[in-house]
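Geometric and topological summary
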Amino acid sequence: MIVKVGNGGGGGRWLRGFGSLIRRKQVDSVHVRRHAQLARKLSAVDLVGIGVGATIGAGVYILIGTVARENAGPALVISLLIAGIAAALSAFCYAELACRCPSAGSAYHYTYICIGEGVAWLVGWALILEYTIGASAVARGITPNLALFFGGEDNLPLFLARHTLPGLGVVVDPCAAVLILLVTVLLCLGIKESSMAQSIVTTVNVSVMLFIIITGGYLGFKSGWVGYELPNGYFPYGVNGMFTGSAIVFFSYIGFDSVTSTAEEVKNPQRDLPLGISTALAICCILYMLVSAVIVGLVPYYELDPDTPISSAFSSYGMEWAVYIITTGAVTALFSSLLGSILPQPRVFMAMARDGLLPSFFSDIHKGTQIPLKSTIVTGVFAAALAFFMNVSQLAGMVSVGTLLAFTTVAVSVLIIRYVPPDEVPIPSSLLTSVDPSVRHSGDDIEEDSAISPTDPLLDMSDSLLRHPLIIKEITKDEQNEKTRRKIAAWTITLLCIGILMVASAASADRCPRILRLTLYGVGGIILLCSIIVLACMKQDDTRHSFGHSGGFVCPFVPFLPALCILINTYLLIDLGVDTWLRVSVWLLIGVLIYLFYGRNHSSLLNAIYVPSARANKILRTQADNVS
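Here is a short report on the structure shown in this document. This is a predicted model, so every value here is computed, not measured.

About the cut-offs
- Residues numbered from 1 in each chain as written.
- Predicted model: local features only at pLDDT ≥ 70, side-chain atom pairs only at ≥ 80, totals over all residues.
- Heavy atoms only, no water.
- Helix = DSSP H or I, 4+ residues; strand = E, 2+ residues; numbered from the N terminus.
- Buried < 20%, exposed > 50% of the residue type's maximum accessible area, 1.4 Å probe, protein only.
- Contact = heavy atoms within 4.5 Å.
- Core = buried A, V, L, I, M, F, W, Y, C linked by side-chain atoms within 4.5 Å.
- Phe/Tyr/Trp six-rings, centres within 6.5 Å; stacked < 30°, edge-to-face > 60°.
- Expected span 1.5 Å × (residues − 1).
- Pairing = 2+ DSSP bridges.
- Patch = residues over 30% accessible without salt bridge, like charges linked within 9 Å, V, L, I, M, F, W, Y side chains within 5 Å.
- Areas by Shrake-Rupley, 256 points an atom, 1.4 Å probe, with all protein chains shown as cover.
- Salt bridge = Lys/Arg side-chain N within 4 Å of Asp/Glu carboxyl O.
- Axes fitted to C-alpha atoms, helices over the stretch in contact; angles between N-to-C directions.
- Parallel < 35°, antiparallel > 145°, perpendicular 65-115°, else oblique.
- Left-handed = near helix turned anticlockwise from the far one by under 90°.
- Nonpolar A, V, L, I, M, F, W, Y, C, P; charged D, E, K, R; others polar.
- Polar contact = N/O pair within 3.5 Å; in protein donor to acceptor, adjacent residues only side chain to side chain.
- Disulfide = S-S within 2.5 Å.

1. Examining the overall build of the chain
Helix and strand content of the chain: 25 helices and four strands. The buried share of the chain, taken over its 628 residues, is 53%. Across the chain, contacts joining residues at least 24 apart in sequence account for 85% of those joining residues at least 6 apart.

2. Remarks on the nonpolar core
The biggest cluster of nonpolar side chains holds 155 residues, and the ones touching the most others in it are Tyr61, Ile212, Ile295 and Leu338. Counting residues per element, this core draws most heavily on helix 17 (residues 396-419), at 14 residues. Among all residues touching leucine 338, those that are not within four sequence positions of it are Ala135, Val138, Ala139, Ile142, Leu179, Ile180 and Val183.

3. What about the packing of aromatic side chains?
Evaluation of the coordinates by the stated rule reveals 23 aromatic pairs. Taken together, a centroid distance of 5.7 Å and an interplanar angle of 80° make the contact between phenylalanine 250 and phenylalanine 251 edge-to-face. Phenylalanine 250 gets classed as buried once you look at its relative accessible area, which sits at 3%. Taken together, the ring pairs in this structure connect Tyr94, Tyr110, Phe250, Phe251, Phe256 and Phe407 into an aromatic cluster.

4. Quick look at helix 3 (residues 44-55)
The first and last C-alpha atoms of helix 3 sit 16 Å apart over 12 residues, in line with the 16 Å expected at 1.5 Å per residue. Listed in full, the buried residues belonging to helix 3 are Ala44, Asp46, Leu47, Val48, Gly49, Ile50, Gly51, Val52, Gly53, Ala54 and Thr55. Turning to helix 3, the residues buried within the fold contact helix 9 (191-223), helix 11 (257-261), helix 12 (269-298) and helix 14 (322-342).

5. What about the pairing of strand 4 (residues 608-612)?
Within strand 4, five of the five residues are buried, which leaves the element mostly enclosed by the surrounding structure. Of the pairings in the sheet, the one linking strand 3 (residues 424-428) to strand 4 comprises five bridges and is antiparallel in character. Bridging from a neighbouring strand, proline 428 pairs with alanine 608 of strand 4.

6. Section: a nonpolar patch on the surface
A cluster of nonpolar side chains, Leu122, Leu589, Val592, Leu593, Leu596 and Phe597, forms an exposed patch at the surface whose accessible area comes to about 540 Å². If you trace the backbone, leucine 589 turns up in helix 24 (residues 578-602).

7. Topic: the environment of alanine 406
Tracing the backbone shows alanine 406 in helix 17. The residues contacting alanine 406, other than those within four sequence positions of it, are Tyr94, Ala107, Val123 and Leu127.

8. Let's talk about the packing of helix 7 (residues 117-147) against helix 14
Two measures define how a pair of helices packs: the angle their axes make with one another and the distance between the axes. In contact at an axis separation of 9 Å, helix 7 and helix 14 are set at 160° when each is read in the N-to-C sense. Between helix 7 and helix 14, the interaxial angle falls into the category roughly antiparallel. Between helix 7 and helix 14 lies a crossing whose hand is left-handed. Note on element contacts: helix 14 touches helix 7 through Thr327, Ala330, Val331, Leu334, Phe335, Ser337, Leu338, Ser341 and Ile342, opposite Tyr131, Gly134, Ala135, Val138, Ala139, Gly141, Ile142, Asn145 and Leu146. Taken together, the residues of the contact of helix 7 with helix 14 break down into 12 nonpolar, six polar and no charged.

9. A few points about the pattern of salt bridges
As a working rule, side chains carrying opposite charge can pair if their charged atoms are close by. Taken as a whole, this structure holds 15 salt bridges when the rule is applied. Two residues, arginine 162 and aspartate 173, come together in a salt bridge whose shortest N-O distance is 2.8 Å. Taken together, the residues arginine 162 in the loop between helix 7 and strand 1 (163-164) and aspartate 173 in the loop between strand 2 (171-172) and helix 8 (174-188) connect sequence positions 11 residues apart. The shortest N-O distance in the salt bridge between glutamate 265 and arginine 347 comes to 2.8 Å. Highlighted residues: glutamate 265 in the loop between helix 11 and helix 12 and arginine 347 in helix 15 (residues 344-354), separated in sequence by 82 residues. The residues glutamate 265 and arginine 347 share a single accessibility class, namely buried. In the salt-bridge network here, residues are joined through shared partners; they are Asp423, Glu482, Arg485, Arg486 and Asp541.

10. Some thoughts on the side chain of threonine 409
On the secondary structure map, threonine 409 appears in helix 17. At 3.3 Å, the side chain of threonine 409 forms a polar contact with the side chain of threonine 111.

11. Structural notes on unusual backbone geometry
In the segment running from valine 558 into proline 559, the intervening peptide bond is cis, with an omega of 10°. For proline 559, the position within the fold is in the loop between helix 22 (514-537) and helix 23 (560-574). Within the chain, glutamine 370 stands out as a residue other than glycine whose phi angle is a positive 55°. Topologically, glutamine 370 is positioned in the loop between helix 15 and helix 16 (373-389). Residue classification places glutamine 370 among the partly exposed positions, given a relative accessible area of 31%.

12. A look at the side chain of asparagine 71
Mapping asparagine 71 onto the fold places it in helix 4 (residues 59-72). Apart from residues no more than four positions distant in its own chain, asparagine 71 is found in contact with Thr66, Tyr237, Gly241, Met242, Thr244, Gly245 and Ile248.

13. Regarding the state of the cysteines
In the structure shown here, the tally under the stated rule is zero disulfides. The closest cysteine sulfur to the non-disulfide-bonded cysteine 565 is located on cysteine 93, 4.7 Å from its own sulfur.

14. Digging into the packing of helix 15 against helix 16
For the pair helix 15 and helix 16, the least separation of the axes is 8 Å and the interaxial angle reads 125°. Judged on the interaxial angle alone, helix 16 and helix 15 are oblique. Note on packing geometry: the crossing formed by helix 15 with helix 16 is right-handed. The residues of helix 16 that touch helix 15, namely those facing Gln345, Pro346, Phe349 and Met350, are Ser375, Thr376 and Thr379. Here the contact of helix 15 with helix 16 is built from residues that sort into three nonpolar, four polar and no charged.

15. Things to note about the environment of cysteine 565
Along the polypeptide, cysteine 565 turns up in helix 23. For the pair cysteine 565 and alanine 91, spaced 474 residues apart in the sequence, the C-alpha separation amounts to 9.7 Å. Setting aside chain neighbours within four positions, we find cysteine 565 in contact with Leu89, Ser90, Phe407 and Ala411.

All we've got here are geometric facts, nothing functional implied.
Here it is in structure tokens:
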């Protein structure tokens, strides 16, 4: 019954090696393997606190000044709205996958289920980089803000002040390291305790933003909104400047993916995860737009201080005391963002270790707190060391790679679930041979076949075909049509991604010859348009309704919404620049080596046999009957 693929020769080994990259795990693999579970203690309110806290960082206190001065002008409000809508596209995709596959690991987990082990490893490895550098960068940004309460960095206590190591020229930041360690201790107490602390800090931050909106609105109406009465109008940099500004502020919405990383700890994931993601994103978008509308209205955009736009705007109206309130908001925003950066990483470590791609050390769950304690400690210590010794501001662009790569693969995964959901389940070879005597092969055969040798369901019908030829002929024809539809859908999704890559590359390649850019635009646009039309006209797979957990959120406007999401994120990925990609390539190369020499050979799917879902359920029931 096992379809033999390859032999002991070089071709078979190459095929098996490639097969390890595309092998996929099942949705409930965590429960099937009886791993220790995380504590289900989070409600929708907790998720909103985590999402808002992880999203609203100190960037809003600084970024709006730079974007208004250099890119958008008063149209900054529209830039933030466009960026919020773009982020919502990814949020819709995340919400559906989080409901269908509510386990730890977020985008890594979804990618492993829908696309394959190789891409999932790269996504997980990139997310580790994102969270580590993001946490270290945030922690480094807290020190100068805290110094404002002491009258400047020179007045900070010695154990908090930055120092330059003699002879090395390295500026160490003990305050940043201490803050990361404090957050790590907080996370070690338990998910409910850390989410409560996140909610408290986030409440303070939101209160400061409401103070800015209300007080600034009063000053604006009193002064006549001088920032909007400009001779060059609402779009001083044109529509292109507005869209450039939206691309920059898009990264201010990154953070809602922290909500999906806690999916395994949510009491009612089908209801609370979509609610938490959408509410958090809506709150952040509204607050961003209101704050920016007030600030660009109080002061002409070209007079805003790029470093302290909000504080300088209030100071120009004689409200010097407001600086301390705004600084409090910036510090609490940084602290909540720091907590939101460290929280997901241990859960990604844990998910990868559960799948065998990392040592089992990272998957250990503490019996008392029911959190990945060892992974949390390792994450905190490493991030603290990085923040202490290294100025990571120059590496900030690398943070965006992990997020955008995750956003892209999540959107692709939604398309796969709708049109070609996985219809085979990995079963351990030992389980298959023990409960199914008809399977006769040696251990060597299993190793050759395990990665890419699914059972052919048509072989099970051979006896019935002799007894009922007319019925089986009709069933076989239907199955053949379905197989053809799946092949067309799979190739169409692949071509869609290729077309998007070509269009995004042409849009970002400013220095390429005009003819090459036009060619890429033309060919890529045709491929993209044709792929969208084919998918829109094609019937979605009926088994999508039963894939994973049912009853949750369903992403609307498929395939248009996921395709637009892939296009936006791919463009932003390519537009990060050569220097950023060179740095990221070093990290990804390290990840590839770890996967080749450890993860690939220790994967929990190493000796798995892929069988149709219906047959897998029968095998599992037989095993349960034998055990009982």
